[in-house]
Amino acid sequence: MTTSPERRYTDRLEDFSERHAFLVDLALALALLGSATLGASLTLPGAEPPADDRLAVVLMGVSCLALLLHRTHPRTTVVVNALCATIVIAQGYLLTPLLLGPVMASLYWLATLTGRSTIRAYGLPTMVVLTLAAAFSDSMNHVGLLLRTIGPVFWLMLPLAAGTMTRLRRAYLAATQARADHAERTREEEARLRVTEERMRIARELHDVVAHHLALANAQAGTAEHLALTNPPQTQRILHDLTGTTSSALRELKATLGLLRQTDDEGAPLEPAPGLARLPELVSSCASAGITVTVTTEGEPQPLSPGVDLTAFRIVQEALTNVTKHAATQTAHVRFVYDGSRLLITVTDEGPPTAAAGPAKGFGVMGMRERAHSVGGELRAGPRPEGGFEVRTALPLQPSVSGDEGT
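Residues numbered from 1 in each chain as written. Predicted model: local features only at pLDDT ≥ 70, side-chain atom pairs only at ≥ 80, totals over all residues. Heavy atoms only, no water.

Enquirer: Sorry, what's going on with the sheet that holds strand β4 (residues 378-383) here?
Expert: The pairing of strands in a sheet happens through backbone hydrogen bonds and is either parallel or antiparallel. One open sheet holds the five strands; their spatial order is β1-β2-β3-β5-β4, and the pairing between them is mixed. With one partner strand each, in any of the chains shown, β1 (292-298) and β4 form the two edges of the open sheet. Across the sheet, the mean angle from the axis of one strand to that of its neighbour is 10°, orientation sign disregarded. Two strands pair when backbone bridges link them, and strand β3 (residues 342-349) and strand β5 (residues 389-396) are joined in this way by seven bridges, in the antiparallel orientation. From the neighbouring strand, leucine 343 faces β5, where its bridge partner is leucine 395. (Pairing = 2+ DSSP bridges. Helix = DSSP H or I, 4+ residues; strand = E, 2+ residues; numbered from the N terminus. Axes fitted to C-alpha atoms, helices over the stretch in contact; angles between N-to-C directions.)

Enquirer: Whenever I open this one, helix α6 (residues 116-135) confuses me. Can you help?
Expert: What sets the pattern is the α-helix's 3.6 residues per turn: residues three or four places apart point alike. Its 20 residues give α6 an end-to-end C-alpha distance of 27 Å, which sits within 8% of 28 Å, the value for a rise of 1.5 Å per residue. For α6, every residue scored as buried is listed here: Thr118, Ile119, Gly123, Thr126, Met127, Leu130, Thr131, Ala133, Ala134 and Ala135. (Expected span 1.5 Å × (residues − 1). Buried < 20%, exposed > 50% of the residue type's maximum accessible area, 1.4 Å probe, protein only.)

Enquirer: What am I meant to see in the packing of helix α3 (residues 54-67) against helix α4 (residues 74-90) here?
Expert: Working note: a packed helix pair is described by the angle between its axes plus the distance between those axes. At a minimum axis separation of 9 Å, α3 and α4 run at an interaxial angle of 170°. The angle between the axes of α3 and α4 places the two elements in the roughly antiparallel class. Of the two possible hands of crossing, α3 and α4 adopt the one that is left-handed. Listed contacts from α4 to Ala56, Leu59, Met60, Val62, Ser63, Ala66 and Leu67 of α3 are Thr77, Val80, Asn81, Cys84, Ala85, Ile87 and Val88. Across the contact of α3 with α4, the residue classes tally to 11 nonpolar, three polar and no charged. (Parallel < 35°, antiparallel > 145°, perpendicular 65-115°, else oblique. Left-handed = near helix turned anticlockwise from the far one by under 90°. Contact = heavy atoms within 4.5 Å. Nonpolar A, V, L, I, M, F, W, Y, C, P; charged D, E, K, R; others polar.)

Enquirer: Would you mind going over the packing of α3 against helix α5 (residues 101-113) with me for this structure?
Expert: Where α3 contacts α5, the two axes come as close as 10 Å, and the packing angle between them is 20°. In terms of their interaxial angle, α3 and α5 are classed as roughly parallel. Taken as a pair, α3 and α5 cross one another with a handedness that is left-handed. Between α3, through Met60, Ser63, Cys64 and Leu67, and α5, the contact on the second element is made entirely by Pro102, Ala105, Ser106 and Trp109. Residue composition of the contact of α3 with α5, grouped by class: six nonpolar, two polar and no charged.

Enquirer: How should a nonpolar patch on the surface be read in this particular structure?
Expert: On the surface, a cluster of nonpolar side chains totalling about 420 Å² of accessible area is made up of Phe22, Leu23, Leu26 and Leu30. The exposure class assigned to leucine 30 is exposed, which follows from its relative accessible area of 53%. (Patch = residues over 30% accessible without salt bridge, like charges linked within 9 Å, V, L, I, M, F, W, Y side chains within 5 Å. Areas by Shrake-Rupley, 256 points an atom, 1.4 Å probe, with all protein chains shown as cover. Salt bridge = Lys/Arg side-chain N within 4 Å of Asp/Glu carboxyl O.)

Enquirer: Explanation requested: α5 in the structure shown.
Expert: Helix length check: α5 (13 residues) gives 18 Å between terminal C-alpha atoms against 18 Å at 1.5 Å per residue, within 8%. Within α5, 11 of the 13 residues are buried, which leaves it mostly tucked inside the rest of the structure. Taken together, the buried positions of α5 are occupied by Gly101, Pro102, Val103, Met104, Ala105, Ser106, Leu107, Trp109, Leu110, Ala111 and Thr112.

If you want it as structure tokens, here you go:
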């Protein structure tokens, strides 16, 4: 938005006036005193001037001194100036804009610093009193009544209108600045929220990758140690699978950390986000760790959005990881049910009733629940009455909120 040179000049004058308020007020009071003194010496042709000029000079001096208090006592300033001007006009001095200078200045500041009710309470009575004084003044006997009243009304309305415009302009600028500050704070808060959400998303990814593969690697290493002497061929196969598990962990960890290092100008292709298409690989890795996983599907499989596909895979992965780490069993069941516009996933194990009480309080279940909620789904996890642990989630085939994690 551009600003005109006149507007910039006005803003500079206002800034200077705020920094040097007393000096500006004093210079203005002296200038108005000079103009009022000059106005007191003017008369109409053929009219006799007042015999004593000292009274007008004293009253105008009092008016100009009262102007020094306009910033803190604008009402008092108007009252003092109105009384002094009324006395001067009643003494026979000609009512001119020069003589009304102090009163006009006080009315301008009244309209600038106060509201409409104060203007009506102080400004309008001042206009009425000064207009009546001009109408009955002996110095204007040679002028018609209409001309006697039009002049004072016009000159006293002018500072009230100018002061009101100044007050409205300042209120507009203050409101504009307040909106700009609010918008800036809102942008900063939104940026912080986005950063927090991104950190949570990356934390979930790291937790899923590291926890799953380390749990499998630990189970595979323990099984290999147990079979090292009794079944060397099986031990060799398990160690081979252990190498694949650690390699897969490193690949996924590298891909996740690569998102943190990538800048906007880097166009390197990213590895596709994992989905249910990698479920056989997940089942195979669990089998090498000694966990037999059975997978059943009911209903006609439907295509999933990338975000829901990633969420479904990560939930199944975390649930099987918990079985590997916590459940005292060697079997787990994964059941997929395509029900209309939803995908129901159930992961259960057949351990003892107390075997899986621990995972429900860990970060794994919390992360699964957050993932389900992020795509508009829901998740429940807890021990089964007949024993073991169950994770049940319902996910929409298409996410109901924006911002899929898989995009």
